[in-house]
Amino acid sequence: MKINKLIAIQFLAVFSLSFCLNSVGQGQQGVSLDKIIARVDNHYILNSELEEMYNQYKAEGRTAPEKCQLLESLIINKMLLAKAEIDSVTVEDKEVDGELDAKMGYMIQRFGSEKNIVEAYGKSIDNLKGELRQQVKEQKVVEKMQRTISGNVKITPSEVRKFFNAIPKDSLPYIPSEVEIGHIVKKGTVTREQKDKLKQQLLDLKQRAEKGEDFATLAQIYSEDLGSAKNGGDLNFAKRGAMVPEFEGAALALKPGEMSDIVESQFGFHLIKLVETRGAEYHARHILLRPDYNKGTDMTEAKRSLDSLRSLIKIDTLKFAKAALDNSEDKETAEAGGLIQDRNTGIARLTLDASMDPALYFAIDTMKVGDLSQPVSYRLEDGSSAMRIIWYKSKSEPHTANLRDDYEKLSQIVLSNKRNNALEEWFKKAQGDVFISIEPEYRNCKVLGLATGSDI
């Protein structure tokens, strides 16, 4: 049995979030007896991991691979981790923290609020983050190892042409209609009423601290910066330039022990207390209150800004790509000139079928190629309210695959195959550097091309 190792690794990256979300909740239901089914150096694979991976396929309505294939992909994952330790491949804490924050944001969107998450899992947010952190770190290490192994692989146009010419003419795939769609997104602004409410709450906390209550205790109770709240709002020493300008400017204007006025930044509203300064570094605590963008959001400014951009684009005074890069608050698409990419391929072409985002599908159904929509309501991935204008850039007709129209797709296939070959070679060499042991119940599996007894 042979599995495409590149696909296996890519699946693990997608699978990891769902697995993490399910696994962190197991504690509330009691711990059931689990079993180690494989070992790669000091990394273990549990039967529950294999079952969870198998069930995840079914939950998503997909045909699940054989468990032998899934076990192999899990072993590949552990091999990458083991070799990363041997080769001293590491990831920085800030990378892990950024990914962890993104996953927690996904959970908040999925459950509706942090309170709902705590109730669902029976654990505090800090405990959940603690359990997720190691899994996130392992995922980032695996991704870095994959880039180390195959990241330098390149392809040439002649390789793409050779691959295409080798496909029998009667086997060329049929390509459905595809579209290029761009958007420019502007978030709603928090209403004056909500801003005033948050500022007053922080002013009340400031008065309580001035009257003798402990700032750290108040931060633990009220701050919505989950990372620092558990430490009494302590941000430790920060170098100049590390914090957003509004925060840093207010902090550096204080003397040790002083508290700031209320400071507004992109993260919300801060009450800052300077602890000490040390050369080019400063040590501060803060209490953060965040606006609720699902309540009290004013779309007036967002609509006005989009209307203005739309007018400039329509008369060709401003190019859409430039307008998106400079103005869109969807940073992922802004850097691509506003074009929305297919999440599976990374290509800015979307298949015009039921797999498309329904909101986009119905939006362009009433548009012609080249049209630019009026500002319409939009919901960002973090759940916050926004508006956007949509550009219907192009549409391709259904056709049999050809080199001219489908070069980008074909090149992705060739690149994927070449990277996979690099990984295959790496795995052949890496097997000799790590100890792999598999339980007898999986002796009929062929993992990494080898029949399994008890050890490989």
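The preceding data block contains the structure.
Summary of the structure given here. As the structure is a computational prediction, the values presented were derived from the model and not from experiment.

What counts and how
Residues numbered from 1 in each chain as written. Predicted model: local features only at pLDDT ≥ 70, side-chain atom pairs only at ≥ 80, totals over all residues. Heavy atoms only, no water. Phe/Tyr/Trp six-rings, centres within 6.5 Å; stacked < 30°, edge-to-face > 60°. Buried < 20%, exposed > 50% of the residue type's maximum accessible area, 1.4 Å probe, protein only. Lys NZ or Arg CZ within 6 Å of the ring centre and 35° of its normal. Helix = DSSP H or I, 4+ residues; strand = E, 2+ residues; numbered from the N terminus. Contact = heavy atoms within 4.5 Å. Salt bridge = Lys/Arg side-chain N within 4 Å of Asp/Glu carboxyl O.

Right, let's get into the packing of aromatic side chains. Enumeration according to the criterion identifies three aromatic pairs in this entry. Arranged with centres 5.6 Å apart and planes meeting at 90 degrees, the rings of Tyr361 and Phe362 form a pair that is edge-to-face. According to the relative accessible area criterion, Tyr361 is partly exposed, its value standing at 33%. Residue classification places Phe362 among the exposed positions, given a relative accessible area of 58%. Consider the rings of Trp426 and Phe427, whose centres lie 5.0 Å apart with planes at 80 degrees: the pair is edge-to-face. Pair check on accessibility: Trp426 and Phe427 agree, each one buried. The ring of Tyr54 carries Lys67 above its face, with NZ or CZ at 4.9 Å from the centroid. If you follow Arg278 out to its NZ or CZ, it ends over the ring of Phe237, 3.7 Å from the centre.

In this section: the environment of Gln200. By secondary structure assignment, the location of Gln200 is in helix H8 (residues 192-210). The exposure class assigned to Gln200 is partly exposed, which follows from its relative accessible area of 41%.

Counting through the fold element by element, Lys195 comes out in helix H8. Its relative accessible area of 18% is what places Lys195 among the buried residues. When near neighbours in sequence (up to four residues on either side) are disregarded, Lys195 contacts Val190, Glu264 and Phe269.

Our next topic: the pattern of salt bridges. Within the structure shown, the criterion is met by 24 salt bridges. For Glu51, the salt bridge goes to Lys67, with nearest N and O atoms at 2.6 Å. Of the two residues, Glu51 sits in helix H2 (residues 47-59) while Lys67 sits in helix H3 (residues 67-86), which places them 16 residues apart along the sequence. Taking relative accessible area as the criterion, Lys67 reaches 28% and is therefore assigned partly exposed. Here Arg404 and Asp405 are joined by a salt bridge, their closest N and O atoms 3.1 Å apart. Judged by relative accessible area, Asp405 falls into the partly exposed class, the value being 41%. When salt bridges that share partners are traced, they join Glu178, Glu180, Arg349, Lys393 and Lys409 into one network.

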